[in-house]
Amino acid sequence: MSQDELRVSCGGAAAVVPKDGTYLDVKKALSWKNDVLMVLAGGEPKELRSKVEGDCEVVPLTFDDERARWALRHTASHVLAQAVKRLYPGVKLGIGPAIEDGFYYDFDPETPFVPEDLEKIESEMKKIISENIPVIREEVDREKARKMFSDMGETYKVELIDELPEGSTITVYRQGEFADLCAGPHVPSTGFLKAVKLLSLAGAYWRGDEKRPMLQRIYGTAFMTQDDLKAYLDKLEEVKKRDHRRLAKDLDLFSIQEEGGPGLVYWHPKGALIRELIEDFWRKEHRKRGYEIVYSPHIAKLELWKTSGHWDWYRESMYAPMAIEDVEYLLKPMNCPFHILMFKNKTRSYRDLPMRLGELGTVYRYERSGVLHGALRVRGFTQDDAHIFCTREQLEDELVGVLELAQFMLATFGYDEYECMLSVRDPENKAKYVGDDESWALAQSALEEALKRKGLAYKVDEGEAKFYGPAIDIKVKDALGRLWQGPTIQVDFNNPQRFDITYVGEDGMKHQPVMIHRTVLGSMERFVAGLVEHYAGAFPLWLSPTQITVIPITEKFSGYAEKVADTLRREGFRVNCDLGHEKMGYKIRQAQMEKVPYMLVVGAREEENGTVAVRHRAGGDLGAMPLESFVAQAKEELDSKSLEPLVKPGA
RNA sequence: GCUCACAUAGCUCAGUCGGUAGAGCACAUCCUUGGUAAGGAUGAGGUCAUCGGUUCGAUUCCGAUUGUGAGCUCCA
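Residues numbered from 1 in each chain as written. Chains lettered and ligands numbered in written order. Predicted model: local features only at pLDDT ≥ 70, side-chain atom pairs only at ≥ 80, totals over all residues. Heavy atoms only, no water.

Remarks on the sheet that holds strand E34 (residues 620–626)
Inference 1: Spatially, five strands are ordered E31-E30-E32-E33-E34 in an open sheet, and the strand pairing comes out mixed. Bordering the open sheet on either side are strand E31 (575–577) and E34, each of which pairs with just one other strand. On average, adjacent strands in this sheet sit at an angle of 25° to one another, irrespective of strand direction. (Pairing = 2+ DSSP bridges. Helix = DSSP H or I, 4+ residues; strand = E, 2+ residues; numbered from the N terminus. Axes fitted to C-alpha atoms, helices over the stretch in contact; angles between N-to-C directions.)

If you want it as structure tokens, here you go:
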């Protein structure tokens, strides 16, 4: 082997490339397929177009690898920008990164884009892709880059260059007539893009700062094949089908009324029933674990909110004060001050601790109109709130108890996967937080220990703590793999101080309790909306508003149908007896669309034998079985809060 | 709050290049008595989000307001 050659190995295979060769040469030499987008050389991710730096072991990276995927999509965003520049030369470029499921590019157009423009832009992108333009990386010095982009009128790019730290390598990527300030990496040419699609158009502030100009962002995505792209678009359709706003309307669960005001939820009978069932479950599980359930008012004197610190820290999220007999009152955005007042109502002993006060407390927060979203983000909502007052020594055990409760309740609803975050204070900026180092250390280690004792993996999120203490934030994964804000548990040393609450210890001295703020479900509005999407509207038996529909084949059997329905009602089921004079197929369709778990079809055969022909909304026809047999199995399903149907096909 | 888009019957949506509107589903009545996802007929139902402007005339064009959606930002 000559000195002008480099030896590259890959698994068992090996190749020799010229000394100034690139990984494209390696690709050729090793006959890699075109799905290789990047390589790992000596463990470092490299573009295919970069030079081989020495003898090394390489690993080809395809779309399955996150880095390669991001490179491909990042190139797609450049193609988008190139297409836009070809069609609208006066447009100024913002930034255009790859994101989780695709990419976007921010533009400052002379005249705003309209949705129809996307089609035009997309077909120009396809042209650029078919031209298979090489994507070339180029290092430039700061002055040259600055001049280049200011000559092009790209003022946003110039701003970015000016903010790059001293001594950093500035790179420009060129593809044909188009050039962009960009750190890379990219795929070697535009022809590597096989399936791209532009998805939506939206506003976005320059650098996410609302004081800066609003740019127009075009979102898109890219895959290796049209089939994969289609699968992704189908998934978006599935998400749309499960949308709680759609399903809540179809299933008549809740609404938001224009006449009533934005962000305020109206729970219709069926939605209210689901909520009631969840709340009953919530109360039962809390009482079991030593919680006491309370109610507190909806308004309180402004003075109270000053004491709690809300007036200083939370004012912009609160509804304006109302004057009542010359005293200002505020609608509550949180329940904590009320629970503190209850604690404070009499002298507390260490024997009273831990004191766990729970409340399904309805709070109101002023949310900016643009952030409201169905029942997920609203202005009035009911938190499943609780505050635990305990000693420092009890803190860790209490936190474990909260985690156990949270895990149990979430599992009941079918949420088995979580991501836990430990939100701690920003070590660089301790002034932002109240309380001494010792308290913070104690709180943090208690939270950490509790997570470890429950065997929960977690990530530490610096700077995400509330001003009064560190927290555990749990995100739960739903049936589509999406993450939802779940339980949050916060340790608070601040409010006990502000309200000067104490208990008398064993030593007869006054001590300050620690406070834990915690919610398991979050809010009833958000939780039920999340459940609607998680279950795609098909609630498990115990939560279904109508659990069983009895369908007589003809009116002749309505007597038997009513008898069956009565029996089921006596057994505690929510039953609808469909005596309408439609055909059976029609009634089944109605029940299917209402997502009623069980349909019992009864006709001559059933009446004669005292049976019911059972149909499950997902499992279909289960055949006939004695009514008692159905009742026994369905009761088991109901009482165990089973997520799966437990009624088995009859003989 | 900001950018862009949208607002027609309970729901999903047509439509009017400006002359006060239509379908399917749902609803009501009647006929049909039918074995596992839509039987038939008839009927009722809309100040085309609200308020202004332009016009002989506005649901249609323009403006404002309200609400909704996609995002930015923020959060239970």
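This is not the end of the story, as more comes after the structure.
Some words on the packing of helix H4 (residues 142–151) against helix H5 (residues 155–163)
Inference 1: Here H4 crosses H5 at 165°, and the two axes come no closer than 8 Å. With respect to H5, the element H4 is oriented roughly antiparallel. By crossing handedness, the relation of H4 to H5 is classed as left-handed. On H5, the residues that touch Arg-142, Ala-145, Arg-146, Phe-149 and Ser-150 of H4 are Lys-157, Val-158, Ile-161 and Asp-162.
Inference 2: Split by residue class, the contact of H4 with H5 holds four nonpolar, one polar and four charged. (Parallel < 35°, antiparallel > 145°, perpendicular 65-115°, else oblique. Left-handed = near helix turned anticlockwise from the far one by under 90°. Contact = heavy atoms within 4.5 Å. Nonpolar A, V, L, I, M, F, W, Y, C, P; charged D, E, K, R; others polar.)

What about helix H15 (residues 524–534)?
Inference 1: Extensive coverage of H15 is indicated by the burial of 10 of its 11 residues.
Inference 2: Phi turns positive, to about 55°, at Ala-536, one or two residues after H15. (Buried < 20%, exposed > 50% of the residue type's maximum accessible area, 1.4 Å probe, protein only.)

Structural notes on the packing of aromatic side chains
Inference 1: Counted under the stated rule, the structure contains 19 aromatic pairs.
Inference 2: Judged by centre distance (5.7 Å) and plane angle (65°), the rings of Trp-305 and Phe-338 are edge-to-face. Linking Trp-305 in helix H9 (residues 302–308) with Phe-338 in helix H11 (residues 336–344), this pair joins segments that are 33 residues apart in sequence.
Inference 3: In this structure Phe-338 comes out as buried when scored by relative accessible area, which is 5%.
Inference 4: The interplanar angle of 65° and the centroid separation of 6.2 Å between the aromatic rings of Tyr-415 and Phe-527 together place this pair among those described as edge-to-face. Placement of Tyr-415 in the loop between helix H12 (395–412) and strand E23 (418–424) and of Phe-527 in helix H15 is noted, with a sequence separation of 112 residues between them.
Inference 5: Judged by its relative accessible area of 7%, Phe-527 is buried.
Inference 6: Among the aromatic residues, ring-to-ring pairing joins Phe-281, Phe-408, Phe-413, Tyr-415, Phe-527 and Trp-542 into one connected group. (Phe/Tyr/Trp six-rings, centres within 6.5 Å; stacked < 30°, edge-to-face > 60°.)

Points about unusual backbone geometry
Inference 1: The omega torsion of the bond from Gly-184 to Pro-185 falls at -5°, within 30 degrees of zero and hence cis.
Inference 2: Relative to the elements of secondary structure, Pro-185 occurs in the loop between strand E11 (178–181) and strand E12 (195–205).
Inference 3: Here the bond from Leu-353 into Pro-354 is cis, since omega is -5°, no more than 30 degrees from zero.
Inference 4: Turning to its location among the elements, Pro-354 is positioned in the loop between strand E20 (348–349) and strand E21 (355–364).
Inference 5: Unusually for a residue other than glycine, Asp-252 sits at a positive phi of about 60°.
Inference 6: Within the element layout of this structure, Asp-252 appears in the loop between helix H7 (244–250) and strand E14 (254–256).
Inference 7: Exposure remark for Asp-252: the relative accessible area of 39% places this residue in the partly exposed category.
Inference 8: One non-glycine residue, Glu-325, lies in positive phi territory at about 50°.
Inference 9: Position of Glu-325 relative to the elements: it lies in the loop between strand E18 (322–324) and strand E19 (327–331).

Section: the pairing of strand E5 (residues 56–61)
Inference 1: Where strand E1 (residues 5–10) and E5 come together, two bridges link them in parallel fashion. Residue pairing across strands places Ser-9 opposite Glu-57, the latter belonging to E5.
Inference 2: With four bridges joining them, strand E3 (residues 38–41) and E5 adopt antiparallel strand pairing. The residue bridging Leu-40 from the neighbouring strand is Val-59, located in E5.

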